[in-house]
Amino acid sequence: MADKVRVVLPDGSKREYSSGITISEIIRESNPSLSKEAVAALLDGRMADLSEKVTEDSEIKIVSFDSKEGKGVFWHSTSHLMAQAVLDVFPGVKLDIGPSIDEGFYYDFDTPRPFEPEDLNKIEKRMEEIVKENLPFVRKEVSKKEAVEFFQQRGEKFKVARLSEMEEDRVFLYQHGNFVDLCRGPHVPSTGVIKSFKLLSIAGAYWKGSEKNPMLQRIYGISFPSPKELDEYLKRLEELKKRDHRVLGKELELFSISDDVGPGLILWHPKGAQIRRIIEDFWITEHQKNGYQLIYTPHIARLHLWETSGHTGFYRENMYSTMQVEDEEYQIKPMNCPFHIQIYKSKLRSYRELPLRLAELGACYRFERSGVLHGLMRVRGFTMDDAHIFCKPEQLEEEVIRLLKFSIWMLKTLGFENLQIFLSTRPDKFIGEEQNWEKATSALRQALEKQSLKFEVDEGGGAFYGPKIDIKIIDVMGRPWQCTTIQFDFNIPERFDLWFVGADGNYHRPIMIHRALLGSLERFFGVLIEHYGGAFPLWLSPVQVRVMPITDEQNSYSADILQRLQDEGFRAVMDDRNEKINFKIREAEKEKIPYMFIVGKKEVQDQSVSVRKHKGGDLGKFVLDELIRKLKEEVKNKSTE
RNA sequence: GCCGAUGUAGCUCAAUGGUAGAGCAACUGAUUUGUAAUCAGUAGGUUGAAGGUUCAAUUCCUUUCAUCGGCUCCA
């Protein structure tokens with residue numbers, strides 16, 4: 001081992017240190033301000049503890065809370081901190097694992113009795129004490145055998161079970177105080193770094209996520225380097241609560257779910273239905289412009305159809321039971337594709353007809369387990385904005401390019417600028433020819449690359465019947481939602497024995513693409529509500545203008561304005577109740593109506609309108625004609641401002 | 001489906017083993033009002049449902065339905 005090591009520092013400069021110096025010493029010496037930020041380090045690109053010794057020439061980068069990795073380290077360390085507190089407060093509890101997640105961390109425990117909400121306070125109190133003790137996290141390398149013995153002795157059967165599945169011979173233990181956990185690390189230097197945390201919820205979670213395994217108790221939490229950041233995070237949670245589509249759906253009278261009707265079944269109230277209708281009209285018009293033909297298909301079909309499609313096999317658990325009609329079994333549809341295929345099959349198809357694009361807003365019913373239902377986001381009855389494209393293999397790529405363009409344009413028009421694209425490739429279990437998979441997957445990839453779209457590859461994430469592209473939209477709160485899905489299907493054309501006559505006069509198998517752009521109208525509406533926080537842009541808003549006379553002397557003038565607005569095609573209403581203008585404004589603001597037209601004596605006198613914009617305050621007086629022109633422009637542009 | 005929590009007026013919430021109360025909303029009346037709540041009055045409940053314990057249950061117990069947070073799954 002050399003006496004001296006040459007180290008490339010985070011700022012790119014090089015320095016010499018005596019061998020065995022720790023990373024944190026180097027950082028503290030070379031850049032004290034960085035040392036405060038650092039939660040861990042990258043040592044030659046490998047995640048390392050700050051306490052790790054440097055014994056070779058190497059490059060050091062710091063990992064701070066600002067980065068994804070840094071957050072992971074910080075949260076993971078907090079989960080250890082919490083686990084210690086849990087063991088201190090509830091002796092006899094057994095440990096499973098406690099990773100960091102996208103937002104925060106959790107730890108799974110095996111407990112004699114479930115945790116109660118008050119337990120979280122007790123655990124938090126103990127955590128605070130441990131933070132004050134500022135215990136260092138110490139890393140120790142041991143053989144797997146030693147680790148097994150150690151945890152066996154402590155009765156940590158889940159740890160032992162997980163260890164026995166690991167392939168490595170050498171494993172790492174992390175200790176702070178009397179708490180020892182099996183862990184790859186790295187960790188923050190000491191418990192004192194974790195200044196600010198909150199335990200958020202308790203949940204049951206199956207061991208290793210499988211229903212066959214026993215259920216453990218999971219505690220979720222979040223932590224930050226400063227109380228201020230925690231505060232901001234909790235405020236964000238509040239904001240999310242306010243935007244919750246279930247809350248807004250009720251407040252704004254958009255939709256409801258009735259016990260008497262059944263869980264997961266949506267009642268669209270007039271205002272929600274109005275928005276849906278606008279989206280549907282938009283969708284229909286644009287599909288027609290884009291070479292789709294609209295169709296309608298029934299809600300039920302003979303069970304036989306679903307046997308042919310294969311759904312009774314691989315999709316059975318999501319299907320409702322059949323109903324008996326004149327000694328025939330009928331099935332309510334979980335998908336639209338078999339119907340669309342019947343339309344394809346209704347006559348002999350020529351290559352000249354391809355690509356054939358059949359589109360339908362089709363209502364589907366799927367059985368979802370009671371525990372997974374969630375407002376509009378996860379329901380049992382929903383409307384897919386579905387289409388099936390039948391094409392020749394050589395048309396694939398162009399078709400996918402068209403699809404991507406169409407989908408992205410539509411999502412952006414609806415207000416979603418940020419998208420995430422995923423390409424899912426062949427899973428282990430698949431049907432169809434391997435070379436077809438190759439062709440199709442490369443068509444998808446090429447289509448993405450030709451438009452220089454950024455995408456992630458989900459290896460093996462495709463359906464068993466074909467590869468796919470998924471597009472997720474990122475809403476205004478930064479959350480991803482799955483919408484568009486473009487899936488190839490090698491299965492169904494075979495099963496239904498689909499053909500077209502080629503230019504060569506021979507029969508050929510068409511390729512089929514399933515696709516949905518918005519996903520389902522229900523889920524998309526849910527996302528839309530949360531994205532806009534219920535304050536829809538003018539073109540979507542169920543009520544666009546509310547005309548509000550100040551006293552009943554202006555009622556007739558207001559009625560004229562209302563009539564004019566309605567004649568011009570606006571969704572306008574009048575509030576001529578015997579109330580103060582402040583009160584009317586307050587209600588209109590709460591209902592998030594985009595424009596309030598206020599008319600009093602002055603406006604009647606000079607035949608004008610005072611305009612107030614939702615959240616925008618008083619815009620001043622306008623001539624009605626000019627105003628109508630402006631608003632029409634705003635609707636036409638589908639402006640999201 | 002599983003684990004836990006919750007379920008009281010349209011909404012948000014309170015209360016006690018002795019037959020439920022507030023604010024907002026609704027309705028009625030007064031008020032004629034200038035950019036986020038005018039005042040007064042009236043009405044509103046088989047306390048999610050069913051069963052049990054008890055002299056007495058909204059409260060305790062059992063079952064059930066639904067919702068919420070998760071697990072699992074997905075448009």
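Refer to the structure printed above.
The rules we used
- Residues numbered from 1 in each chain as written.
- Chains lettered and ligands numbered in written order.
- Predicted model: local features only at pLDDT ≥ 70, side-chain atom pairs only at ≥ 80, totals over all residues.
- Heavy atoms only, no water.
- 1 Å grid on protein atoms, 1.4 Å probe; cavity = no way out; pocket = protein on both sides within 12 Å on 5 of 7 lines; lining within 4 Å.
- Points joined across faces, edges and corners; volume = space filled by probe spheres on them.
- Helix = DSSP H or I, 4+ residues; strand = E, 2+ residues; numbered from the N terminus.
- Nonpolar A, V, L, I, M, F, W, Y, C, P; charged D, E, K, R; others polar.
- Near = heavy atom within 4 Å.
- Polar contact = N/O pair within 3.5 Å; in protein donor to acceptor, adjacent residues only side chain to side chain.
- Patch = residues over 30% accessible without salt bridge, like charges linked within 9 Å, V, L, I, M, F, W, Y side chains within 5 Å.
- Areas by Shrake-Rupley, 256 points an atom, 1.4 Å probe, with all protein chains shown as cover.
- Salt bridge = Lys/Arg side-chain N within 4 Å of Asp/Glu carboxyl O.
- Buried < 20%, exposed > 50% of the residue type's maximum accessible area, 1.4 Å probe, protein only.
- Expected span 1.5 Å × (residues − 1).
- Arc of directions from axis to C-beta.
- Contact = heavy atoms within 4.5 Å.
- Core = buried A, V, L, I, M, F, W, Y, C linked by side-chain atoms within 4.5 Å.
- Pairing = 2+ DSSP bridges.
- Axes fitted to C-alpha atoms, helices over the stretch in contact; angles between N-to-C directions.

### Here we look at the layout of surface pockets
In this structure, the largest pocket occupies an estimated 810 Å³ of space. Around the largest pocket sit 29 residues that line it, and Tyr315, Arg366, Phe382, Met384 and Thr485 are the ones nearest its centre. Secondary-structure elements contributing two or more residues to the lining of the largest pocket are strand E23 (381-391), strand E26 (468-474), strand E27 (480-489) and strand E30 (511-520). Counting residues per element, the lining of the largest pocket draws most heavily on E30, at five residues. Across the lining of the largest pocket, the residue classes break down as 13 nonpolar, eight polar and eight charged.

### Side note on the protein's contact with RNA strand B
If you check the shell around RNA strand B, you find 52 residues, and the closest are Met215, Arg378, Asn578, Lys601 and Glu603. By atom count, sugar and phosphate contribute 47% of the portion of RNA strand B lying within 4 Å of the protein. In the environment of RNA strand B, a base oxygen lies 3.2 Å from a nitrogen or oxygen atom belonging to the backbone of Gly204. At 3.3 Å from a base oxygen of RNA strand B is found a side-chain nitrogen or oxygen belonging to Arg369. Listing elements by their share of the surface near RNA strand B, those giving two or more residues are strand E14 (196-206), strand E15 (215-224), helix H8 (245-251), E30, helix H18 (581-590), helix H19 (601-605) and strand E34 (609-613).

### A look at the environment of Gln566
Relative to the elements of secondary structure, Gln566 occurs in helix H17 (residues 555-567). Gln566 sits 21 residues away from Val545 along the chain, and the two C-alpha atoms are 9.9 Å apart.

### A word on a nonpolar patch on the surface
Where nonpolar side chains cluster on the molecular surface, the patch consists of Ile300, Met323 and Val325 and spans about 200 Å² of accessible area. Given the relative accessible area of 32%, Ile300 is considered partly exposed.

### Topic: helix H20 (residues 624-636)
Helix length check: H20 (13 residues) gives 18 Å between terminal C-alpha atoms against 18 Å at 1.5 Å per residue, within 8%. For H20, the set of buried residues is Leu624, Leu627, Ile628, Leu631 and Glu634. When H20 is viewed along its axis, its buried side chains cluster within an angular range of 125 degrees and face the same direction. Opposite its buried face, H20 presents the exposed residues Arg629 and Lys636, each directed more than 90 degrees away. On its buried side, H20 packs onto strand E31 (545-549), H17, strand E33 (595-599), E34 and strand E35 (617-622).

### Examining the nonpolar core
Counting 63 residues, the largest nonpolar core has Leu414, Ile469, Leu518, Phe524, Phe525 and Phe536 as its most contacted members. Top contributing element to this core by residue count: helix H13 (residues 396-413), with nine residues. Sequence-distant contacts of Phe524, defined by excluding residues within four places in its chain, comprise Leu411, Leu414, Phe416, Ile473, Cys483 and Leu518.

### Thoughts on the sheet that holds E30
Judged by pairing direction, the sheet is mixed, and its eight strands sit side by side in the order E18-E22-E23-E30-E27-E26-E24-E25 without closing on themselves. Strand pairing shows two members of the sheet lacking a second neighbour, strand E18 (293-294) and strand E25 (456-458), which therefore form its edges. Packed onto the sheet, helix H9 (residues 270-289) meets E18, strand E22 (356-365), E23 and E30 and runs at close to 160 degrees relative to E22. Along the sheet, H13 contacts E22, E23, strand E24 (418-424), E26, E27 and E30; its crossing angle with E30, the most-contacted strand, is approximately 5 degrees.

Shape is all these values report; function is a separate question.
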